[in-house]
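Take a look at the letters that make up each chain.
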Amino acid sequence: VEAATQDMTFALLVMPWVLGTRVPAQEAAIYVNGLLVTYIHVINEFEATFTVDAASLQSGIARLRLIVPTAVRPRSLGAGPDERLLGFQIKRLTLS
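In this text the structure is predicted, and so the values were computed from the model without any measurement.

Conventions and cut-offs
- Residues numbered from 1 in each chain as written.
- Predicted model: local features only at pLDDT ≥ 70, side-chain atom pairs only at ≥ 80, totals over all residues.
- Heavy atoms only, no water.
- Salt bridge = Lys/Arg side-chain N within 4 Å of Asp/Glu carboxyl O.
- Helix = DSSP H or I, 4+ residues; strand = E, 2+ residues; numbered from the N terminus.
- Buried < 20%, exposed > 50% of the residue type's maximum accessible area, 1.4 Å probe, protein only.
- Contact = heavy atoms within 4.5 Å.
- Polar contact = N/O pair within 3.5 Å; in protein donor to acceptor, adjacent residues only side chain to side chain.
- Pairing = 2+ DSSP bridges.
- Axes fitted to C-alpha atoms, helices over the stretch in contact; angles between N-to-C directions.
- Patch = residues over 30% accessible without salt bridge, like charges linked within 9 Å, V, L, I, M, F, W, Y side chains within 5 Å.
- Areas by Shrake-Rupley, 256 points an atom, 1.4 Å probe, with all protein chains shown as cover.

Undergrad: Sorry, what's going on with the pattern of salt bridges here?
TA: Where charged atoms from two side chains of opposite charge approach closely, those side chains can pair. Within this structure, the stated rule accounts for 4 salt bridges. Between Lys-91 and Glu-45 there is a salt bridge, with the nearest N and O atoms lying 2.6 Å from each other. Taken together, the residues span a long stretch of sequence, with Lys-91 in strand E6 (residues 88-95) and Glu-45 in the loop between strand E3 (35-42) and strand E4 (46-52) at a distance of 46 residues. Judged by its relative accessible area of 41%, Lys-91 is partly exposed. Across the pair Glu-47 and Arg-92 runs a salt bridge, and its minimum N-O distance is 2.9 Å. With Glu-47 in strand E4 and Arg-92 in strand E6, the pair connects residues that are 45 residues apart, well separated along the chain. Residue class for Arg-92 comes out partly exposed when judged on its relative accessible area of 40%.

Pasting the structure below:
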């Protein structure tokens, strides 16, 4: 894998899992290769766009990680039988 020679721009389209006033929004810290690049607070479909410098991509790999402290299990809220921990649906990721 070749190292990046230029900065890379990410566009991440997400839809938060919300439930009225009980879960009005979702939040996420977004990391690329261990570097915090942005923090989002989302109530509707949202596109987070951020640029990572080439030096942070020297391995030629861009490892994207979302930490979602507000994720919830619908079952724990009486919102159905789903026991998965839900925060965001990732609808699209583009790199340029």
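Continuing now.
Undergrad: Quick question: what am I supposed to make of the environment of His-41 here?
TA: In this structure, His-41 sits in strand E3. Setting aside its immediate chain neighbours within four residues, His-41 contacts Ala-25, Gln-26 and Glu-27. A polar atom in the side chain of His-41 sits 2.9 Å from the side chain of Glu-27.

Undergrad: Just to check I follow, could you spell out the sheet that holds E6 for this structure?
TA: With respect to topology, 3 strands assemble into an open sheet ordered E4-E1-E6, the strand pairing being antiparallel. Looking at which strands have only one partner, the edges of the open sheet turn out to be E4 and E6. Pairwise comparison of adjacent strand axes, ignoring direction, gives a mean angle of 20° for this sheet. Judged from the 7 bridges that link them, strand E1 (residues 8-16) and E4 form a sheet pairing that is antiparallel. In the strand pairing of E4, Leu-13 is matched with Glu-47.

Undergrad: When you look at a nonpolar patch on the surface in this model, what are you seeing that I'm missing?
TA: Together, Ile-90, Leu-93 and Leu-95 make up a nonpolar patch on the protein surface, roughly 270 Å² of accessible area in all. By the element assignment, Leu-95 lies in strand E6. For Leu-95, a relative accessible area of 49% puts it in the partly exposed group.

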